[in-house]
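# Overview (structure and organization)
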Amino acid sequence: MTAQNTKELQIEQLRRITEPSILGFETTEECCALEGLIGQERANRSMKFGLGVRSRGYNIFVVGNPGSGRTTYTLQQLHREAEQQEAPDDWIYVYNFNDPSRPLAINLPAGNGEKLSEKLAELVEDLKIILNKAFEDSNYEDQKAQMVKEFQEKVNELMEQIRAEAAEKGFAVKRTPQGFVNIPMKEEENEEGEIEKREMQQEEFEQLDEEQQKQMKDRSEQISQQTLAVLRKIRSLEKELKDQIKELEAEISRNAITPALDELRGSFGEGDKLSEWINSLTEDIIANANMFVAAARDENAEIDFSRYNVNIFVSNDPEDGAPVIFETNPNYYNTVGKVEYESKQGYLSTDFQKIQAGAMHKANGGYLLLQAEDLFRQFMSWEAIKRVLKTGEIAIENLGEQLGLVPVSSLRPEPVPIKLKVVIIGTRWIYYLLHMYDHEFPKFFKIKADFDVDMRRDADSERDLGKFVAGFTQKESLLPFSSGAVAEIIEWSSRLSGNRNKMSTQFNKISEILVEASSWARMDDLQTVSRESIRKAIDEKQYRTNLIEERIQDLFAEGTLHIATRGREIGQVNGLTVLDTRDHVFGKPVRITANVFMGREGVVNLEREVKMTGPIHNKGLLTLESYLGRTYAKDLPLSLSAKIAFEQTYEEIEGDSASSTELYCLLSALAERPLRQDIAVTGSVDQFGNIQPIGGVNEKIEGYFKYCKLAGLTGDQGVLVPSANMVNLMLHHEVLDAVREGTFHIWAIDTIEEGIALLTGIPAVSAEEGEESIRGLVAAKLWYWVKRNAEIKKQFEGNGEQNNEATPEPKDK
């Protein structure tokens, strides 16, 4: 095979051009905006199916790379689906009159939570007036006075009875601050001769004999017992009076507030739970009617009516459909809610009004959207979400209570039943990690919506991308784009994908170019973004990030970095590498050299010896050795030593794209025929000598072109690439211009034989007897070394025999 058999690529093979005419518009002003997503049929079908399934466990994990439009698309689909559904119920928390530490959760039709709150606030104010009027009514005072009068009459009657009985026993009963006291009475005749009774003095009592004193004490004790019995009856009468008054007040309160509360029930239906709570509310208002009366009579009275409020926990608009909640900070409390505390005089306090809803509460009856990276940075959030999906209800628990060693008294809000669909957006890496390490993940997320990194490039998809550009320019108020500018964007998108027959789905990067191109066009006082504006935006964006590339090129221009771009050398060739600085990827040539000599070390890579190569590169080197053995060592032992080096490289080398380059160096050194230095080479080789595709082919070609341009284009320089990489070629316009002018060349090859023929100008295999070929020269060199090794071995063996004869044996043998 000769060099002339190698195919040189033409312009149309180096970049797939989009004709602006197929787009159907002159500028994007004439084009309608794109509806939906481009090139994601798999993800689209998965998403629609996942949203259509109502069964538990069919939550969705959206897999894709950032910038693919996955978040925007997912939000659009969720909102579209949610708009077709009815708005879910509102949820409120109310005071639990039976157990204040367990606030009650009540659901109401959408929009009624706010209405109930307003109605209750009005009700409290109305009841102050209603109850005050009710208790100012004369009927209440008359009935109460009558009850008190009857009570007093009964008390007086009882007291008269005790006084009469005491008098019969010679005592008077007096009331003192310390209680009732029995005082003995003494009869005396006054001046008129009438018998009068007076209190006996202590001296007089002491003058009585013991028997009389004892009798008087016994009678006093009897009177005291009778007095205690009467007092018990009076206390019982007092309790009856209070109960009667309380019943009276309750009856008056009930009659007064019933119309208002019946109206409240009528306004919000007869739901069992709400109706039960209103019943409890009614009884509490009746029991505390005096608070309302006091508040009505004294506007400055500090009376707490907060128990009659409601905490509007979740409120939904009945006109908005189901909720779609995108939680961007899914920490534990933001996800599952919390109970807030307030510091008062050094003490923390809380009540049912401080219960705050989390994202899952707000999304109840609808959809919750989360970013996986945000979610898994948060402590306990993922476990809380799984617990809710498992149990179907959500209980608000503070983290301090879960993790604390000492239980803390706090509110225990009633759990809320949850029915929602969770959608998580993440990368493939996170998705596979969850599948691997969390056995519950597949049970809860049965739907995978997989966003592809690229899409087919055909006329329809190119027009769709044009519609995307039109819609984006309208949304962002950019200048209109000409059809030529859109065609340039399509070609750039194809380069991003790494395949001329596909286009990238990295819409964030495409959007950046659109914004920057519009800005450059405005700076140039243009009314429409042209193809040149797009190219300028791409080049300027690259310029902002290619400082390292330029510094390396400066080293070449100064002569510090030695790369030959003309002439011929034995055992030396230019390989191509790609450097990735995260925001910029560029190619650069590297000088690869080989020395061969007699020995048995085999092929040794110097970088491998000092551990500067990765496993893939080492595999390529071993593959190279296998090719040498298969081609040249079937009839003789492969006995050689070869040293291969990547000159002036000081970082780790990885990848097998230089394996063919290393092989060319070896063949050149063995055949002792020089290689062209104006051609750079890339491509991996298999054990049979076939050239295999590599990555970064565009960057590698453009990198070498820049070095040739710095050194001066001769018209003979170029790059040798694998034929399989032709589908990846989307070269920069500057390279295309050089190829068009004949100052730069690109060849595609399929085998090592094609490459070595082009690099040396000598056929790899002889077509005619006696014709010089690389294979023949290499085989001859290897045969020569085999024979030479045999001769040297024989010579040394002969010398060894003579020495043995001349050397006396040791005496101890």
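Residues numbered from 1 in each chain as written. Predicted model: local features only at pLDDT ≥ 70, side-chain atom pairs only at ≥ 80, totals over all residues. Heavy atoms only, no water.

## Description of the packing of aromatic side chains
Using the criterion set out here, one finds 23 aromatic pairs in the structure. Pairwise contacts between aromatic rings join Phe61, Phe376, Trp382, Tyr431, Tyr432, Phe441 and Phe445 into one cluster. Above the face of the tyrosine 58 ring, lysine 446 is positioned so that its terminal group lies 5.9 Å from the ring centre. (Phe/Tyr/Trp six-rings, centres within 6.5 Å; stacked < 30°, edge-to-face > 60°. Lys NZ or Arg CZ within 6 Å of the ring centre and 35° of its normal.)

## Overview of helix 8 (residues 272-287)
A turn of α-helix holds 3.6 residues, and therefore any two residues three or four places apart point the same way. Its 16 residues place the ends of helix 8 23 Å apart at the C-alpha level, agreeing with the 22 Å of an ideal helix rising 1.5 Å per residue. Looking only at helix 8, the buried set comprises Leu274, Ser275, Trp277, Ile278, Leu281, Thr282, Asp284, Ile285 and Ile286. Residues of helix 8 that are buried sit in contact with strand 3 (90-94), strand 4 (104-108), helix 4 (112-136), helix 7 (210-267), helix 9 (289-297) and strand 8 (310-314). (Helix = DSSP H or I, 4+ residues; strand = E, 2+ residues; numbered from the N terminus. Expected span 1.5 Å × (residues − 1). Buried < 20%, exposed > 50% of the residue type's maximum accessible area, 1.4 Å probe, protein only. Contact = heavy atoms within 4.5 Å.)

## Quick look at the pairing of strand 22 (residues 572-580)
The pairing of strand 22 with strand 23 (residues 585-597) spans nine bridges and is antiparallel. Each bridged residue has a counterpart across the sheet, and for valine 578 the counterpart in strand 23 is glycine 587. Linking strand 22 back to strand 23 in an antiparallel pair, the connection comprises four residues, with arginine 582 at a positive phi of about 75°. As paired strands, strand 22 and strand 27 (residues 679-681) are joined by two bridges and run parallel to one another. The partner of asparagine 574 across the bridge, within strand 27, is alanine 680. (Pairing = 2+ DSSP bridges.)

## Regarding the packing of helix 8 against helix 9
Contact geometry for helix 8 and helix 9: axes closest at 4 Å, N-to-C directions at 60°. Looking at the two axes, helix 8 sits oblique to helix 9. Within the contact between the two elements, helix 8 uses Ile285, Ile286 and Ala287 and helix 9 uses Ala289, Asn290 and Phe292. A breakdown of the residues in the contact of helix 8 with helix 9 according to their chemical character gives five nonpolar, one polar and no charged. (Axes fitted to C-alpha atoms, helices over the stretch in contact; angles between N-to-C directions. Parallel < 35°, antiparallel > 145°, perpendicular 65-115°, else oblique. Nonpolar A, V, L, I, M, F, W, Y, C, P; charged D, E, K, R; others polar.)

## Focus on empty space enclosed by the protein
As enumerated under the stated definition, the model contains one cavity of 30 Å³ or more in all. Quantified by volume, the largest cavity comes out at close to 50 Å³. Around the largest cavity, the lining residues are Tyr627, Tyr632, Leu667, Ile752, Glu753, Ile756, Ala764, Ile774 and Arg775. Broken down by secondary-structure element, the contributors of at least two residues to the lining of the largest cavity are helix 23 (615-632), helix 27 (752-760) and helix 28 (774-806). Per-element accounting of the lining of the largest cavity gives the leading share, three residues, to helix 27. Within the lining of the largest cavity, the residues separate by chemical class into seven nonpolar, no polar and two charged. (1 Å grid on protein atoms, 1.4 Å probe; cavity = no way out; pocket = protein on both sides within 12 Å on 5 of 7 lines; lining within 4 Å. Points joined across faces, edges and corners; volume = space filled by probe spheres on them.)

## Remarks on the pattern of salt bridges
For the structure shown, the criterion picks out 45 salt bridges. A salt bridge links glutamate 414 to lysine 273, with the shortest nitrogen-to-oxygen separation between them at 2.7 Å. Separated by 141 residues along the polypeptide, glutamate 414 in the loop between helix 14 (399-403) and strand 16 (416-417) and lysine 273 in helix 8 bring together distant segments of the chain. For glutamate 414, a relative accessible area of 22% translates into the label partly exposed. Linked through salt bridges whose partners overlap, the residues forming this network are Arg15, Glu488, Glu491, Arg531 and Arg535. (Salt bridge = Lys/Arg side-chain N within 4 Å of Asp/Glu carboxyl O.)

## Points about the sheet that holds strand 14 (residues 367-371)
Read across the sheet, five strands follow the order 9-14-17-2-18 without closing on themselves; strand pairing throughout is parallel. Two strands close off the open sheet at either side, each with one partner strand: strand 9 (324-327) and strand 18 (447-450). Going across the sheet, the axis of each strand differs from the next one's by a mean of 20°, ignoring polarity. Pairing between strand 2 (residues 60-63) and strand 18: four bridges, direction parallel. Of the residues in strand 18, the one forming a bridge with isoleucine 60 is isoleucine 447. Together, strand 2, strand 9, strand 14 and strand 17 (421-426) form the strand contacts of helix 3 (residues 70-83), whose direction differs from that of strand 14 by roughly 175°.

## Structural notes on the nonpolar core
Grouped together as the largest cluster of nonpolar side chains are 89 residues, with contacts concentrated most on Phe61, Leu131 and Trp277. The leading source of residues in this core is helix 7, at 13 residues. Counting residues in each nonpolar core, the second largest holds 45 residues, with Leu624, Leu663, Leu675 and Val681 among its members. (Core = buried A, V, L, I, M, F, W, Y, C linked by side-chain atoms within 4.5 Å.)

## Some words on the state of the cysteines
A complete count under the given rule lists zero disulfides for this structure. Left without a disulfide partner, cysteine 31 is nearest to the cysteine sulfur of cysteine 32, which lies 5.0 Å away. For cysteine 708, which is in no disulfide, the shortest distance to another cysteine sulfur is to cysteine 665 and amounts to 17 Å. With relative accessibility at 0%, the residue cysteine 708 sits in the buried group. (Disulfide = S-S within 2.5 Å.)

## A few points about helix 5 (residues 138-168)
With 31 residues, helix 5 extends 44 Å from end C-alpha to end C-alpha; this agrees with the ideal 45 Å at 1.5 Å per step. Residues Tyr140, Met147, Phe151, Val155, Leu158, Met159, Ile162 and Ala166 constitute the buried set of helix 5. One or two residues past the end of helix 5 sits glycine 170, with phi positive at roughly 85°.

## So, unusual backbone geometry
A positive phi angle, near 75°, is found at methionine 380, a position not held by glycine. Checked against the element boundaries, methionine 380 lands in the loop between helix 12 (372-375) and helix 13 (381-391). A relative accessible area of 22% means that methionine 380 is categorised as partly exposed. Although it is not a glycine, serine 477 sits at a positive phi angle of roughly 55°. Residue classification places serine 477 among the exposed residues on the basis of a relative accessible area of 54%.

## Focus: the layout of surface pockets
Empty pockets left among the atoms are what a rolling probe the size of a water molecule brings to light. Taken as a whole, the largest pocket encloses approximately 1,200 Å³ of empty space. Taken together, 39 residues line the largest pocket, and the ones lying closest to its centre are Trp492, Arg495, Leu496, Val585 and Glu699. Counting residues per element, the ones that place at least two in the lining of the largest pocket are helix 18 (483-497), helix 19 (507-523), helix 20 (531-543), strand 22, strand 23 and helix 25 (697-711). Counting residues per element, the lining of the largest pocket draws most heavily on helix 25, at six residues. Split by residue class, the lining of the largest pocket holds nine nonpolar, 15 polar and 15 charged.

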